[in-house]
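Here's the letter readout for the chains.
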Amino acid sequence: MFDRSRVDLTQVKNNQSRKNERSAKERFYCDVMLGKLAQKLRLYGLDVRYERNRSGMAAYRAARAEGRVFLTRNRRLQNLPGVLFVEKEKPVEQIAELKNRLGLGPGVFEKKEEAGLLSRCLVCNEPLARISRDEARPAVPFFIYQIHYEFRRCPKCRRIYWPGSHVQNMLKDVKRKG
């Protein structure tokens, strides 16, 4: 079972808003088994590092060196300091599990502006920059340009994001499961 003392999280009062604020600023490192979870957490604006070619102790050491909470499904690593063992298998259930275990509440998963939805690149984890519709126009399908007014670009990989139906679907899944 989860032991909060093993994860290097700051002690916080029971005040839910402070808890949500701290948890939203927490930095995570997902091991190789949790790639989909890493991507979904990034969609919610959380700082999540993930490397497909690094697993096990190498990934754990990298997480510790960067001061990140290490998320894993590897039972051999679950008792190390700074590790949060993820019990669930499906990403939506994993998010609900993290929501409950870390106290990630409405400020992270349910209110778009406070949560930072679409604030990080799903591929690179870089913070996204807002761009104008005119800047996005050459890079997005015309029908997307016609129906959306908010666009963001990753400064590293140059991918463009907009708040499509996938955002609302993810929020519904988390509310239902969490």
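Residues numbered from 1 in each chain as written. Predicted model: local features only at pLDDT ≥ 70, side-chain atom pairs only at ≥ 80, totals over all residues. Heavy atoms only, no water.

Section: the overall build of the chain
Link 1 in the chain: Scanning the chain from N- to C-terminus turns up 9 helices and 7 strands.
Link 2 in the chain: Across the 178 residues in the chain, those meeting the buried criterion constitute 46%.
Link 3 in the chain: Residue pairs in contact within the chain that sit at least 24 positions apart in sequence constitute 52% of those at least 6 positions apart. (Helix = DSSP H or I, 4+ residues; strand = E, 2+ residues; numbered from the N terminus. Buried < 20%, exposed > 50% of the residue type's maximum accessible area, 1.4 Å probe, protein only. Contact = heavy atoms within 4.5 Å.)

Observations regarding the sheet that holds strand 7 (residues 160-161)
Link 1 in the chain: Strand order in the open sheet formed by 3 strands is 5-6-7, with antiparallel pairing between adjacent strands. Two strands in the sheet have a free side with no partner beyond their single neighbour: strand 5 (129-131) and strand 7.
Link 2 in the chain: The sheet contact formed by strand 6 (residues 151-153) and strand 7 spans 2 bridges and is antiparallel. If you follow Arg-153 over to strand 7, its bridge partner there is Ile-160. (Pairing = 2+ DSSP bridges.)

Quick notes on the side chain of Asp-47
Link 1 in the chain: Mapping Asp-47 onto the fold places it in strand 2 (residues 47-50).
Link 2 in the chain: Residue class for Asp-47 comes out buried when judged on its relative accessible area of 14%.
Link 3 in the chain: Polar contacts involving the side chain of Asp-47 include one to the side chain of Asn-125, which spans 2.7 Å.
Link 4 in the chain: Not counting chain neighbours up to four residues away, the residues in contact with Asp-47 comprise Glu-26, Arg-27, Phe-28, Arg-68, Arg-120 and Asn-125. (Polar contact = N/O pair within 3.5 Å; in protein donor to acceptor, adjacent residues only side chain to side chain.)

What about the pattern of salt bridges?
Link 1 in the chain: For the structure shown, the criterion picks out 9 salt bridges.
Link 2 in the chain: A salt bridge links Glu-51 to Arg-49, with the shortest nitrogen-to-oxygen separation between them at 2.5 Å.
Link 3 in the chain: Arg-152 is the salt-bridge partner of Glu-150, the closest N and O atoms lying 3.4 Å from each other.
Link 4 in the chain: Exposure remark for Arg-152: the relative accessible area of 11% places this residue in the buried category.
Link 5 in the chain: Each of Asp-47, Arg-49, Glu-51, Arg-54, Glu-66, Arg-68 and Arg-120 takes part in a single network of salt bridges with overlapping partners. (Salt bridge = Lys/Arg side-chain N within 4 Å of Asp/Glu carboxyl O.)

Quick word on helix 2 (residues 35-43)
Link 1 in the chain: Of the residues making up helix 2, those classed as buried are Leu-37, Ala-38, Leu-41, Arg-42 and Leu-43.
Link 2 in the chain: Immediately beyond the C-terminal end of helix 2, within one or two residues, lies Gly-45, with a positive phi of roughly 90°.

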